[in-house]
Amino acid sequence: RNCVVTIYKLRDSKTPSWFRAGAKERSPVSHGCKYSREGGVAIGMTGTILVVEDQDSARESLCELLAAEGYQVEQAADGAAGIGLVDKTDFDIVLTDLKLPGQDGIAVLKHAREVAPQTFVMIMTAYGSLDSAIEAMRLGAQDYILKPLIIDEVLHKARRLMEHRSLAWEIQMLRTEVSKHFSPT
């Protein structure tokens, strides 16, 4: 079976100019779908994502798109609120803007790496520089995305990180099973 082809209307009066679509039509094989081992049936991608963005319309649009892909999405309007949510919830991915009021995206990244090292962090910014990208990656960010956001790129990166997390979990479970059955006693 295939996932449903979804067409989004991405440009309206509430959508900021930096928030744009890469390709408006998405193929059934690409976004938000993965195949289970049982018969290749398409199932929706799931996971929890925190979006930390100070522009209300951008944050809400991004949250709606991620939720439409099957993710559970929470949102924060500033770095302090994002840090508070990271303390309370085990997120798979934190997608944070670099420039935020109060505590910035680097503070969110550092906190997430400290209290939830299994959480992947993606930094997004309209003020990208080589120095800020290097700093973010050095501090443990999995990705660095420049605005204007290309929706297909964001969705692809989120899906890739979810698949990576799923594979890491599966490897850990297999190692546990192998050690139970084959450990020297």
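A brief structural summary.

The rules behind the values
- Residues numbered from 1 in each chain as written.
- Predicted model: local features only at pLDDT ≥ 70, side-chain atom pairs only at ≥ 80, totals over all residues.
- Heavy atoms only, no water.
- Pairing = 2+ DSSP bridges.
- Helix = DSSP H or I, 4+ residues; strand = E, 2+ residues; numbered from the N terminus.
- Axes fitted to C-alpha atoms, helices over the stretch in contact; angles between N-to-C directions.
- Contact = heavy atoms within 4.5 Å.
- Expected span 1.5 Å × (residues − 1).
- Buried < 20%, exposed > 50% of the residue type's maximum accessible area, 1.4 Å probe, protein only.
- Salt bridge = Lys/Arg side-chain N within 4 Å of Asp/Glu carboxyl O.

It is worth spelling out the sheet that holds strand S5 (residues 72–76) at this point. Strand pairing within a sheet occurs via backbone hydrogen bonds; the two strands may be parallel or antiparallel. Here five strands make up an open sheet; going across it, the order is S5-S4-S6-S7-S8 and the pairing parallel. Of all strands in the sheet, those with a lone pairing partner are S5 and strand S8 (143–146), marking the two edges. Neighbour to neighbour, the strand axes of the sheet diverge by 20° on average, direction disregarded. Direction of pairing for strand S4 (residues 48–52) relative to strand S6 (residues 93–97): parallel, over a ladder of four bridges. Residue pairing across strands places Val52 opposite Thr96, the latter belonging to S6. Against the sheet, helix H1 (residues 56–68) makes contact with S4, S5, S6 and strand S7 (120–125), and its axis sits at roughly 170° relative to S5, the strand it touches most.

One turn of the α-helix equals 3.6 residues, which is why residues spaced by three or four share an orientation. With 32 residues, helix H5 (residues 151–182) should cover 46 Å at 1.5 Å per step; its first-to-last C-alpha distance of 46 Å lies within 8% of that length. When we look at burial in H5, the residues that qualify are Ile151, Asp152, Val154, Leu155, Lys157, Ala158, Arg159, Leu161, Met162 and Arg165.

The next subject is the pattern of salt bridges. What the rule picks out here adds up to nine salt bridges. Ionic pairing is found between Asp143 and Lys157, a salt bridge with its closest N-O pair at 3.0 Å. Taken together, the residues span a long stretch of sequence, with Asp143 in strand S8 and Lys157 in helix H5 at a distance of 14 residues. One exposure class covers both Asp143 and Lys157, and it is buried. In this structure, the salt-bridge partner of Arg160 is Asp143, at a minimum N-O distance of 3.4 Å. Here Arg160, found in helix H5, pairs with Asp143, found in strand S8; they are 17 residues apart in sequence, far enough to count as distant.

All quantities given are derived from atomic positions and should not be read as evidence of function.
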